[in-house]
Amino acid sequence: MDEIYDPAAVERAAQEYWERHRTFEVREDAGRQKFYCLSMLPYPSGRLHMGHVRNYTIGDVLARFMRMQGRNVLQPMGWDAFGLPAENAAISNGVPPARWTRQNIEYMRAQLKSLGFGIDWSRELATCDPSYYRWNQWLFLRMLEKGIAYRRTGVVNWDPVDQTVLANEQVIEGRGWRTGALVEKREIPMYYLHITRYADELLGDLEKLPGWPERVKVMQANWIGRSEGCEIAFPYAPDTREAMSADGALKVFTTRADTLFGATFLAIAAEHPIALAAAAGNPRLAAFIDECRRGSVMEADAATQQKKGLHTGLHVLHPFTAEPIGIWVANYVLMGYGEGAVMGVPAHDERDFEFATKNNLRIAPVVRSMTGAYERVQAPWNPAYSEYGLTVDSGEFSGLTFKAAVDAIAAALEKRGLGRKRTQYRLRDWGISRQRYWGCPIPLIHCGRCGEVPVPDEQLPVLLPEDLAPDGSGNPLNKSPAFHQCACPKCGGAARRETDTMDTFVDSSWYYMRYACPDQARAMVDGRVGYWLPVDQYIGGIEHAILHLLYSRFWTKVMRDLGLVRCEEPFTNLLTQGMVLNHIYSCATAEGRRRYFNPADVRAKREDGVEIFEATTSEGETIRVQYGGLGKMSKSDNNGVDPEGLIGRYGADTARLFIMFASPPEQTLEWSDEGVQGASRFIRRLWSAVYEHVRRGPADRVKGAQSTPQRDLRRSAQHALAKVTDDIGRRRNFNTAIAACMELLNAVGRFDDPSPGGRAVRQEALEIITLSLSPIIPHVCHALWQALGHERAPVEEPWPAVDEAALAQDTVEIVVQINGKLRGRVHVAAGVDEAAVREAALADEQVSKFVAGKPVRKVIVVPGKLINIVV
RNA sequence: GCCCGGGUGGCGAAAUCGGUAGACGCAAGGGACUUAAAAUCCCUCGGGGGCAACCCCAUGCCGGUUCGAGUCCGGCCCCGGGCACCA
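Fair warning: this is a prediction, and the values are worked out from it, not measured in the lab.

*Asks:* Could you give me a rundown of the overall build of chain A, with the residues and numbers involved?
*Replies:* Helix and strand content of chain A: 28 helices and 37 strands. On the principal axes, the C-alpha backbone points of chain A span a range of 105 × 85 × 70 Å. When burial is assessed residue by residue, chain A has 53% of its 871 residues classed as buried. Taking the contacts inside chain A whose residues are at least 6 apart along the sequence as the reference set, 72% of them involve residues at least 24 apart. Total accessible area on chain A is roughly 39,000 Å²; 49% of this is exposed by carbon and sulfur atoms.

Dropping the structure here:
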């Protein structure tokens, strides 16, 4: 063993050992309990950032820990290789996305390997490989057969200048990111997956996931948003009948059918057929509908914009009173939501109240508060107005409670054919069409004679040509006849291949199944998924709490229904990592876009007492930039911190130790490398402690009677081991596990006993630190374990068992409180009864001063810990 | 706007089931070693008062429950994540 710790040499040796022994390559073994430990696969953006290091270190710690616990551990890795950033790179430097992506994968794989993660690289996959995405296509065709995939129109962001569809991310303050043009909404045909068919199961099965964080389950439940309510049809008044040239009714969905008699207006979306019909002879309305069409499709935008509406001049009739009710077009009603129409009850709904007040519409209270929270409904809005109560002024339905009113009204509506009870979900079907090049082609052919024709299975995969490069003016597949010109599989005539590609969430919805059988050329999955699935521990960023995790759950259920897998849920335990945040700096460019600068290139200075920021550009210029607050490390905000600098300077173990010590894994972490010195210093101290110990020759095993300091060190060591075992195994709190090892090393440092008995106790303590930390800093522990005289590597060792006998204590400290305030401490023999604790406490000088003859009213004793005397 | 989190010393944090607030580490200050620096080691380190023993204040803000609240409840402020085409 060298006297000086050389991280590069230590890490090289350990990594070579794992590689030579194929330590992390695993096979199915029916005789051993498996543990599938999975971290979310990265997008190959070019470089790892600290968020990745955090994510993959958590996974690796758990994988190595479970391995030492005797499990057959699978930890795979792959690449979420399709997506927008590759197209953006192509636009700015002309490199085809395929090449850019593959280069990034090469680089990032090397970075991951340098961190020493125990990954079975033989299972690596990239979602842009035809051998992977052909099965997206294959399953899509199965979904089409089952009616789970279907075609209809959907709304997208349209850039009128570039004549192209924009991602939400590319819409900045309502304008196209490249052109600065005002974005419009446009309806185009798209393919959807019928996830709403599974809404009830996706909601109900959350209960089968005790290993998921509560907050994620709450978010998913709210997202699915099951609500029980009524569908109500308002028959057209004569004016609407005329405008629509038909009889009919305007359908709405409401959870508050009890307030039906308080409906004083109906609000419809701008795209609603009645709105379009009314606009025909109404230029003002046509202009308003046009205004609503502008802007992005994002819900956040729709929800924060000023609520505006305009009367169509048309009416419907109240289903019971036949009273005419005006129809308004409102910008807050979304066409893709329910019926694209809502009934306005201003007296009992805050948004309707606001709308009615603004537009001078009648406010008709039809619910009386049962708690007397209000007498009259009047401005300003009072949240009690929307509470349940007793119906009033509701004709034959007056005087009913909420439930009775809804039941009676629904029954009456149903009798007249004007409504019924219905369960509605907030969840919408999953639109998977993307008008983009760098994705998995949707395997369909459009034939003038036969219509939409699926690509036959034997022609899969539909290969994505890899030599194209987008230039910002739309999907290059549209301009590539070699791709889109084809023969109709049915009639053989000339036909056009679908040029839309799939949402990349499709790719990430089942990659964890493919890891079980990455070499299977004849099927999507095979029997090996039966061994490995479900994933025992999934680790990934909290930002994926809803979409990715919900889509994966849906996909698993679809595959189950197709008989491809047996499990109901893909991820048994979920650890949602908190994001690593960093500062965001940007400036506006001449073209009206934003250019982002890495915080490493930004300096703050003061000018006239105001803090300003300057960035150095790649051309070496200095330029003034704006501070945009904190945000997750990402490619688009250019605020990632590459771990390479840290690894180069301190080694991978220090980088791993530092990120794990910084905070508990679920917590958001604001990036700062202050403190990395401490991690490095600790590893060097551990190294020299082992060096100083072993250079005096081999030590005995602990046996026989010990001195008090020896017993104390043994107790500290066993206490640390118990804490690490619980912190990693149950609590998943790595920072406190590391702190326990640091405390133990401090105790070893203070322990000064060169006798054979003392050396044996020190050997035991150093071994416990080495094995305890080996999942976190595996390279250095690999070297130290050998230095401590072991043949096997730590990865092959079983996790040590706690020696309970060594943990026992003879006396305990009891905290004494008077009226809840700390006033003293007493020491008593472990396990004495309450009376003895009370006696010892009252005998204490400090304590008796505070009691001072006052009568003791109450005594509370927490055994082994605390006594509170109330006077 | 809606849904979900978070806020504790100069900084990252700990306090696991309502029971000692600040473990462990960083930074800072002081000292030892050194020709010097680095490294290493030792000491101090939430605020205020006191010669001291000790006492008072303090977990974003306001209020409540409790013998006892960082932890539970109600209201508010700020920060972060998600909002369906970033992944």
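So much for the structure itself; the text now carries on.
*Asks:* Describe in detail the sheet that holds strand β5 (residues 149-159), supporting the description with residues and values.
*Replies:* Two strands in a sheet stick together by hydrogen bonds in their backbones, pointing the same way (parallel) or opposite ways (antiparallel). The strand order across the open sheet built from four strands is β6-β5-β9-β19, with neighbouring strands paired in antiparallel fashion. Among the strands making up the open sheet, the edge pair consists of β6 (164-166) and β19 (430-431). Pairing between strand β9 (residues 184-193) and β19: two bridges, direction antiparallel. Looking across to β19, one finds that Leu193 is bridged to Trp430.

*Asks:* If you had to explain helix α21 (residues 676-694) to someone new, which residues and values would you point to?
*Replies:* Taking 1.5 Å of rise per residue, the 19 residues of α21 would be expected to cover 27 Å, and the 28 Å separating its terminal C-alpha atoms lies within 8% of that figure. Three or more residues of α21 are buried, namely Val676, Ala679, Ser680, Phe682, Ile683, Leu686, Trp687, Val690, Tyr691, His693 and Val694. Buried residues in α21 make contact with α1 (7-20), α19 (644-650), α20 (652-662), α23 (734-750), α24 (756-773) and α25 (778-787).

*Asks:* For the nonpolar core, give the residues involved together with the corresponding values.
*Replies:* Counting residues in hydrophobic clusters, the biggest one holds 174 residues, and the most contacted among them are Phe140, Tyr511, Trp555 and Leu773. Here Phe140 is in contact with Ala149, Tyr191, Leu193, Ile432, Ile442, Pro443, Leu444 and Met502, once residues within four sequence places are set aside. Counting residues in each nonpolar core, the second largest holds 49 residues, with Val252, Phe261, Ile268 and Phe353 among its members.

*Asks:* Describe in detail the protein's contact with RNA strand B, supporting the description with residues and values.
*Replies:* Among the 78 residues in the neighbourhood of RNA strand B, the closest are listed as Asp80, Arg436, Arg681, Arg825 and Asn868. Near the protein, meaning within 4 Å, the atoms of RNA strand B are sugar or phosphate in a fraction of 62%, with bases accounting for the rest. In the model, a phosphate oxygen of RNA strand B is placed 2.6 Å from a nitrogen or oxygen of the Arg434 side chain. Interatomic distance of 2.3 Å between a side-chain N/O atom of Asn868 and a base oxygen of RNA strand B.

*Asks:* How would you explain the packing of aromatic side chains if you had to name every residue and give the values?
*Replies:* In this description, an aromatic ring pair is defined by two values, namely the gap between the centres and the angle between the planes. Enumeration over the complete set of coordinates arrives at 35 aromatic pairs. Ring geometry for Tyr585 against Tyr627: centres 5.3 Å apart, planes inclined by 45 degrees, an arrangement best described as tilted. Note that Tyr585 is positioned in strand β28 (residues 580-588) and Tyr627 in strand β32 (residues 622-632), a separation of 42 residues in sequence. What makes Tyr585 buried here is its relative accessible area of 9%. An aromatic cluster is present here, built from Tyr198, Trp430, Phe505, Tyr551, Phe554 and Trp555 joined pairwise through their rings. The ring of Tyr192 has Arg152 lying over it, and the distance from NZ or CZ to the ring centre is 3.8 Å. Geometry around Phe483 places Arg497 over its ring, the cationic atom sitting 5.8 Å from the centre.

*Asks:* Which residues make up the environment of Tyr596, and what are the values?
*Replies:* Its place among the elements puts Tyr596 in strand β29 (residues 594-597). Take Tyr596: its relative accessible area is 27%, and that puts it in the partly exposed class. Counting along the chain gives 414 residues from Tyr596 to Leu182, while the straight-line C-alpha distance between them is 22 Å. Ignoring any residue separated from it by four or fewer positions in sequence, one finds Tyr596 in contact with Ile584, Tyr585, Ser586, Ser636, Asp637 and Asn638.

*Asks:* How would you summarise the pairing of strand β10 (residues 226-235) if you had to cite specific residues and measurements?
*Replies:* Inspection of the sheet shows β10 paired to strand β18 (residues 419-425) by seven bridges, in the antiparallel sense. Along β18, the bridge assignment pairs Gly229 with Arg422. Two strands pair when backbone bridges link them, and β10 and strand β11 (residues 249-254) are joined in this way by six bridges, in the antiparallel orientation. If you follow Phe234 over to β11, its bridge partner there is Leu250.

*Asks:* Tell me about the pattern of salt bridges, and please be specific about residues and values.
*Replies:* On inspection of all chains with the given rule, the structure shows 54 salt bridges. Arg109 is paired through a salt bridge with Glu124; the nearest N and O atoms lie 2.9 Å apart. Separated by 15 residues along the polypeptide, Arg109 in helix α4 (residues 97-114) and Glu124 in the loop between α4 and β4 (125-126) bring together distant segments of the chain. Here Arg109 falls in the buried class, since its relative accessible area comes to 17%. Using a relative accessible area of 25% as the deciding quantity, one classes Glu124 as partly exposed. A network of salt bridges, in which partner residues are shared, links Glu201, Asp205, Lys208, Arg553, Lys557, Arg560, Asp561, Glu568 and Glu569.

*Asks:* Could you give me a rundown of the state of the cysteines, with the residues and numbers involved?
*Replies:* All chains considered together, the criterion is met by zero disulfides. Left without a disulfide partner, Cys781 is nearest to the cysteine sulfur of Cys741, which lies 8.6 Å away.

*Asks:* Give me the lowdown on the pairing of strand β34 (residues 811-818), citing residues and values where you can.
*Replies:* Successive side chains on a regular strand alternate, one facing one side of the sheet and the next facing the other. Where burial is concerned, most of β34 is hidden: six out of the eight residues are buried. Looking at chain direction, β34 and strand β37 (residues 866-870) are connected through four bridges and run parallel. The partner of Val816 across the bridge, within β37, is Ile867.

*Asks:* Outline unusual backbone geometry, supporting the account with residue identities and numerical values.
*Replies:* Here Leu460 and Pro461 are connected by a cis peptide whose omega angle stands at 0 degrees. Assignment of secondary structure puts Pro461 in the loop between β22 (451-454) and α14 (481-484). The residue after Leu533, namely Pro534, is reached through a cis peptide bond having omega -5 degrees. Of note, Arg732 is a non-glycine position whose phi angle comes to about 55 degrees, a positive value. Mapped onto the fold, Arg732 is located in the loop between α22 (708-731) and α23. When its relative accessible area of 18% is taken as the criterion, Arg732 is described as buried.

*Asks:* Hey, could you go over the packing of α20 against α21 for me, with residue numbers and the actual values?
*Replies:* Axis separation between α20 and α21 bottoms out at 9 Å; the angle between their running directions is 120 degrees. Between α20 and α21, the crossing angle belongs to the class labelled oblique. The interaxial crossing formed by α20 with α21 has right-handed handedness. Here α20 contributes Asp653, Thr654, Leu657 and Phe658 to the contact with α21, which in turn contributes Val676, Ala679, Ser680, Phe682 and Ile683. Residues that form the contact of α20 with α21 fall into these classes: six nonpolar, two polar and one charged.

*Asks:* Describe in detail the environment of Ala322, supporting the description with residues and values.
*Replies:* Here Ala322 is to be found in the loop between β13 (309-317) and β14 (324-330). Note: C-alpha distance between Ala322 and Pro235 (87 residues apart in sequence) is 8.6 Å.

*Asks:* Outline the sheet that holds strand β35 (residues 821-829), supporting the account with residue identities and numerical values.
*Replies:* The strand order across the open sheet built from four strands is β35-β34-β37-β36, with neighbouring strands paired in mixed fashion. Of all the strands in the sheet, just β35 and β36 (858-862) have a single pairing partner and so form its edges. When the angles between neighbouring strand axes are averaged without regard to direction, this sheet yields 20 degrees. Relative to β37, β36 runs antiparallel, the two sharing five bridges. Paired with Lys858 across the bridge in β37 is Val870. Packing against the sheet, helix α27 (residues 834-843) makes contact with β34, β35, β36 and β37, and its axis sits at approximately 65 degrees to β37.

*Asks:* I'd like to hear about the confidence of the model for chain A, residue by residue, with values.
*Replies:* Residues at a pLDDT of 70 or more form 100% of chain A, whose mean pLDDT is 93. Here the predicted complex scores 0.95 on pTM and 0.96 on ipTM.

*Asks:* So what's going on with the packing of helix α3 (residues 84-93) against α4? Which residues, and what values?
*Replies:* Put simply, α3 and α4 touch, their axes get as near as 9 Å, and they point 115 degrees apart. Crossing hand, α3 versus α4: right-handed. Of the residues in α4, those in contact with Pro85, Ala86, Glu87, Ala89 and Ala90 of α3 are Pro97, Trp100 and Thr101. In the contact of α3 with α4, the residues fall into six nonpolar, one polar and one charged.

Calculation rules
Residues numbered from 1 in each chain as written. Chains lettered and ligands numbered in written order. Predicted model: local features only at pLDDT ≥ 70, side-chain atom pairs only at ≥ 80, totals over all residues. Heavy atoms only, no water. Helix = DSSP H or I, 4+ residues; strand = E, 2+ residues; numbered from the N terminus. Buried < 20%, exposed > 50% of the residue type's maximum accessible area, 1.4 Å probe, protein only. Contact = heavy atoms within 4.5 Å. Areas by Shrake-Rupley, 256 points an atom, 1.4 Å probe, with all protein chains shown as cover. Pairing = 2+ DSSP bridges. Expected span 1.5 Å × (residues − 1). Core = buried A, V, L, I, M, F, W, Y, C linked by side-chain atoms within 4.5 Å. Near = heavy atom within 4 Å. Polar contact = N/O pair within 3.5 Å; in protein donor to acceptor, adjacent residues only side chain to side chain. Phe/Tyr/Trp six-rings, centres within 6.5 Å; stacked < 30°, edge-to-face > 60°. Lys NZ or Arg CZ within 6 Å of the ring centre and 35° of its normal. Salt bridge = Lys/Arg side-chain N within 4 Å of Asp/Glu carboxyl O. Disulfide = S-S within 2.5 Å. Axes fitted to C-alpha atoms, helices over the stretch in contact; angles between N-to-C directions. Parallel < 35°, antiparallel > 145°, perpendicular 65-115°, else oblique. Left-handed = near helix turned anticlockwise from the far one by under 90°. Nonpolar A, V, L, I, M, F, W, Y, C, P; charged D, E, K, R; others polar. pLDDT = per-residue confidence, 0-100.

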